[in-house]
Amino acid sequence: MAEETKKERRPLDPNSAKYKLNQIAAKAYSDAAEAKARGEMVGWCSSNFPVEIPETLGLYVVYPENQAAAIAARGQGEHMCNISEADGYSNDICAYARISLAYAKVKDSNGGQEMPQPDFLLCCNNICNCMIKWYEDLARQLQIPMFLIDIPFNPDYEVSDAQLAYVRAQFWDVIHRLEAFTGKKWNEEKYKEVMGYSGRSSRAWLRATAKAQYEPSPFNGFDLLNHMAVMVTARGKKEAAEAMELLEKEYEENHQKGESTFRTEEKYRIMFEGIACWPWLRVTATGLKSRGINMVTTIYADAFGFVYDDFDGMVRAYCNVPNAINLEHARDKRVKLATDNHIEGLLVHTNRSCKLWSGFMYEMSRQIGEKVDVPVVSFDGDQADPRNFSEAQYDTRVQGLMEIMEANKEARA
Amino acid sequence: MNTAELFEQFHKIALNPRAQKDAYLKDGEKVVLVTYYVPEQLIHAMGAIPFHTYGGDLPVNEAKQYFPAFICSVMQTMLELGMRGTFEGCSAIVIPSLCDSLKCIGQNWKYAVPSIPFIPLTYPQNRKPDYGAAFTRAGYERMVRELEAATGLQLDETRLKESIRIYNEHNALMREFSALCAEYPQVTATQRSDVYKSAGFMKKEEHAQLLRELIACMKQEVAQKSSGKRIYISGILADAPEWNRILEDYGLQVVGDDILACSRLYRDDCRMPEDGEDAMDALVRLYCDKDHCSLLYDEKKSRVEFIVQEAKQRKADGVILALTKFCDPEEFDNPMIKDACAEAGLPCVVIEMDRQMQNYEQARTIMETFADMIG
Ligand code: SF4
Ligand code: SF4
């Protein structure tokens, strides 16, 4: 639920999807900063808050989770965590929250990723309840209002009518309260437009990520971690829809030309589970690439498929994000990705920051492994606190996974 | 029975929930496990016994197959007890998804303890508007449906009003007991804790009866002189025997608490439904009106001021934040509570706890220093 922002080694072709996607992600920050400078209101927004709402209202928002990921990827995670820990926040709290609370206080990320201070907060707990606690603290610390859309964890496979009614009512409530607070107006025409772009971006994203079905895959799965920032924040914009369609086209062309952004021979194909270890992105990527292991898919491929036709469809889509659904539903989505993309192994990041994502992952990954008949290996890490990761453990685990995949290949040969 | 004998009675029950459960089962009762804010009145009105579980003080082995180490020990040990068969015979477990770890345990429970059906209870966080009440009601109705299937019992609507009355009465006694503890320094931390703990392992009317006797006996007694170290304590749980001993060793008198498994459960009464009014709606309001809890959305964090106020009202000399390790909801609130206490001139200390804690030396050292500071 974040972005990668490390320095590019080669200058990028300005006509490439990657360049455009990076620009869109960067522009989200600069637009918000300019708006703030003009005296307009800016909000901080949870990654899975319905982006259609601020987009339709014409509100400028930035995303603390993306910021925290960028700060962590640029090596400032520990520095920021130390600041909030000194204020009494336990180091067991999600590192995104620790980084964000520190940033709200010192307003400087030491070269990580700056962003304007908020006038309001848009919170949605469909990914975790930690989000509520984090935003409550921000609201109190900064003395600004918080708008919460509560999307409960769904213990059932389908979204019930009661849940749909509850969440729908909150969407409208928040829209009306935001209108009153910001003076902006909801406009059905604009909403339809946003919905249209969001659908286009989502469909293109699904098609692009599905290109991993080709063997070898035309892309390195780490690309997805980079590009999903745009899916999180900007999928309701025209530029995003166009850039995603371009990405799909490039992946198809790669396949036609026998090329890939995975720039080595693809010997093994795996699915990766969990948020990236941003502070150790290079290490984790190299650990795979050096062994010819391509991470061809992750749940993110499915997670941003916000394809719907009407308001209720939108509400339902937000009720079905990965961390809001029960084990069986979450498992089946992954089993489908694993099968469609012919994976040979599953690598699970047991993320110390994320209780919800890791809290039933052992059982779920066991079930996925059994259903797809692939080995499952996990490693301990954290998406933003560099102290909770061991390079040696990672290396041993990945090596172990590779050896099982190799043995399986030989047995099948 | 005299005061000492009554306390001994509570102690026995608090220490041995399993025997208590087995005795109920032997009598042919249906026992339903509950935790956090489950509307027990509904279960009571069905004729089953709601039985509290917040895990136990034991090492975690089996549950490690399901939970990584950074999930709180309340969830870890609850699952562990389930896997070890301690709860065998119970008809079901109802778990509300009020924090991320509570969301996860149910998913694991289905596979780890298949013999005891998991019944989810989904509460709204936006609980004040009408749509929040409607969703709460839908959650209750679903819970009842599943409980009926699991126990073979039926919800008796006419009995519900009576169950609400019984629970209100019990709540009032619990609050009276808490207030008395503030006046009677001779009540030890263990004794106070036993009364709260046993409340979850007994039929409410039985607990109320025993408690009524205890309160009457206590009132006959002369209050001893205070140690001058009156503390207010907040957290999810703080009932480990060794922890209570530490409080006693340093003469710390618990004059009030905001512990979830203690006072938070008994703070609010359900408004008695009027004639013709739907009793379930009254229970829905009970949840929707609830505040001052780390698990419930609180935009203004009014809980912070609430704790300071309560501590002052009880004339506490200090505040202890008993932090269950890896408990997100509490971890986010504590820095603010600490600051607010400091502003109010109330010494405050955070102390990490764990249900699997073997070694209390560090806790002892911290409490020794704290006792000196406030004494
Ligand atoms: S707890 Fe997990 S889902 Fe929530 S913000 Fe942190 S990493 Fe994201
Ligand atoms: S509230 Fe805290 S102690 Fe209770 S289950 Fe959640 S994390 Fe664990």
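Residues numbered from 1 in each chain as written. Chains lettered and ligands numbered in written order. Predicted model: local features only at pLDDT ≥ 70, side-chain atom pairs only at ≥ 80, totals over all residues. Heavy atoms only, no water.

Participant: What exactly am I supposed to notice about the packing of helix H10 (residues 241-249) of chain B against helix H15 (residues 361-374) of chain B here?
Facilitator: The description of two helices packed together rests on the angle between their axes and the distance between the axes. Residues and elements named next belong to chain B. It is the contact of H10 with H15, at a shortest axis distance of 10 Å, that shows an interaxial angle of 25°. Taken as axis vectors, H10 and H15 run roughly parallel relative to one another. Crossing of H10 over H15 shows right-handed handedness. Along the contact surface, H10 presents Glu242, Trp243, Ile246, Leu247 and Asp249, while H15 presents Ala363, Arg364 and Met367. Here the contact of H10 with H15 is composed, by residue class, of 5 nonpolar, no polar and 3 charged. (Axes fitted to C-alpha atoms, helices over the stretch in contact; angles between N-to-C directions. Helix = DSSP H or I, 4+ residues; strand = E, 2+ residues; numbered from the N terminus. Parallel < 35°, antiparallel > 145°, perpendicular 65-115°, else oblique. Left-handed = near helix turned anticlockwise from the far one by under 90°. Contact = heavy atoms within 4.5 Å. Nonpolar A, V, L, I, M, F, W, Y, C, P; charged D, E, K, R; others polar.)

Participant: Honestly, unusual backbone geometry in this entry has me stumped. Any pointers?
Facilitator: Among all residues save glycine, negative phi is the norm, and among peptide bonds the norm is trans. A cis geometry characterises the amide bond from glutamate 215 of chain A onward to proline 216 of chain A, with omega recorded as -5°. As for its placement among the helices and strands, proline 216 of chain A is situated in the loop between helix H8 (188-209) and helix H9 (222-234). With phi around 70°, phenylalanine 326 of chain B is a residue other than glycine that occupies positive phi space. Position of phenylalanine 326 of chain B among the secondary structure elements: in the loop between strand E7 (318-324) and helix H14 (328-343).

Participant: I would appreciate a short explanation of helix H4 (residues 73-84) of chain B in the present structure.
Facilitator: Side chains that are three or four residues apart share a direction in an α-helix, a result of its 3.6 residues per turn. Taking 1.5 Å of rise per residue, the 12 residues of H4 of chain B would be expected to cover 16 Å, and the 16 Å separating its terminal C-alpha atoms lies within 8% of that figure. Among the 12 residues of H4 of chain B, 11 are classified as buried, and the element is accordingly described as predominantly covered. (Expected span 1.5 Å × (residues − 1). Buried < 20%, exposed > 50% of the residue type's maximum accessible area, 1.4 Å probe, protein only.)

Participant: I'm lost on helix H4 (residues 77-86) of chain A in this one. Help?
Facilitator: Residue and element names in this part refer to chain A. Restricting attention to buried positions, one finds in H4 the residues Gly77, Met80, Cys81, Ile83 and Ser84. Angularly, the buried residues of H4 cover 155° about the axis, an arc narrow enough to put them on a single face. Buried residues belonging to H4 abut helix H3 (64-73) and helix H5 (95-106). Within two residues after H4, glycine 88 carries a phi angle of roughly 105°, on the positive side. (Arc of directions from axis to C-beta.)

Participant: What am I meant to see in the packing of helix H8 (residues 189-199) of chain B against helix H9 (residues 204-220) of chain B here?
Facilitator: Residues and elements named next belong to chain B. Following both chains from N to C, one finds H8 and H9 inclined at 160°, their axes separated by 10 Å at the closest point. By the angle class used here, H8 and H9 are roughly antiparallel. Of H9, the residues touching H8 (which contributes Val195, Ser198 and Ala199) are Lys204, His207, Leu211 and Leu214. Tallied by class, the residues present in the contact of H8 with H9 amount to 4 nonpolar, 2 polar and 1 charged.

Participant: Before we go on, may I ask you to explain the interface of chain B and chain A in this structure?
Facilitator: It is common to give the size of an interface as the accessible area that goes away when the parts come together. On the side of chain A, 51 residues touch chain B, which itself brings 49 residues to the contact. Across the chain B to chain A interface the summed buried area is about 4200 Å²; carbon plus sulfur atoms make up 58%. The three residues of chain B that bury the most area against chain A are Phe70, Tyr131 and Phe332 of chain B, which together make up 17% of that side's buried surface. The interface formed by chain B and chain A holds 8 salt bridges in total. With its nearest N and O atoms 2.7 Å apart, the salt bridge here joins aspartate 156 of chain A to arginine 142 of chain B. Going through the elements one at a time, helix H5 (100-112), helix H6 (130-151), helix H13 (302-313) and H14 of chain B are the ones with two or more residues in the side of chain B that touches chain A. Here the side of chain B that touches chain A takes 8 residues from H5 of chain B, the largest share from any one element. (Buried area = accessible area lost by both parts, 1.4 Å probe. Salt bridge = Lys/Arg side-chain N within 4 Å of Asp/Glu carboxyl O.)

Participant: What is the right way to read empty space enclosed by the protein from this model?
Facilitator: Over the atoms, a rolled probe matching the size of one water molecule traces out where space is still vacant. For the coordinates displayed, the defined rule picks out 12 cavities of 30 Å³ or more. In this structure, the largest cavity encloses a volume near 260 Å³. Mapped by element, the contributors of at least two residues to the lining of the largest cavity are helix H3 (40-46), helix H7 (157-183), helix H11 (260-266) and helix H12 (279-288) of chain B. Considering every element that reaches the lining of the largest cavity, the biggest residue donor is H12 of chain B, with 3 residues. When the residues that make up the lining of the largest cavity are grouped by side-chain class, the tally is 12 nonpolar, 3 polar and 4 charged. Empty space within the second largest cavity amounts to approximately 160 Å³. Forming the walls of the second largest cavity are 19 residues, and the residues nearest its centre are Cys94, Ile127, Cys128, Ile275 and Cys354 of chain A. Where the lining of the second largest cavity is concerned, the elements lending two or more residues are helix H6 (130-142) and helix H15 (355-359) of chain A. Here the residues of the lining of the second largest cavity are counted per class, giving 12 nonpolar, 3 polar and 4 charged. (1 Å grid on protein atoms, 1.4 Å probe; cavity = no way out; pocket = protein on both sides within 12 Å on 5 of 7 lines; lining within 4 Å. Points joined across faces, edges and corners; volume = space filled by probe spheres on them.)

Participant: Help me out: how do you make sense of the pattern of salt bridges in this one?
Facilitator: If the charged atoms of two oppositely charged side chains come close together, the side chains can form a pair. Using the criterion set out here, one finds 71 salt bridges over all chains in the structure. A salt bridge links lysine 336 of chain A to aspartate 340 of chain A; the nearest nitrogen and oxygen atoms lie 2.5 Å apart. On the criterion of helical spacing, the pair formed by lysine 336 of chain A and aspartate 340 of chain A is a turn pair, its members being 4 residues apart in helix H14 (residues 327-340). Residue class for aspartate 340 of chain A comes out partly exposed when judged on its relative accessible area of 26%. The partner of arginine 364 of chain B in a salt bridge is aspartate 249 of chain B, with the nearest N and O atoms 3.1 Å apart. A residue pair is termed long-range when its members are at least 10 positions apart, and arginine 364 of chain B in helix H15 and aspartate 249 of chain B in helix H10 qualify at 115 residues. Taking relative accessible area as the criterion, arginine 364 of chain B reaches 17% and is therefore assigned buried.

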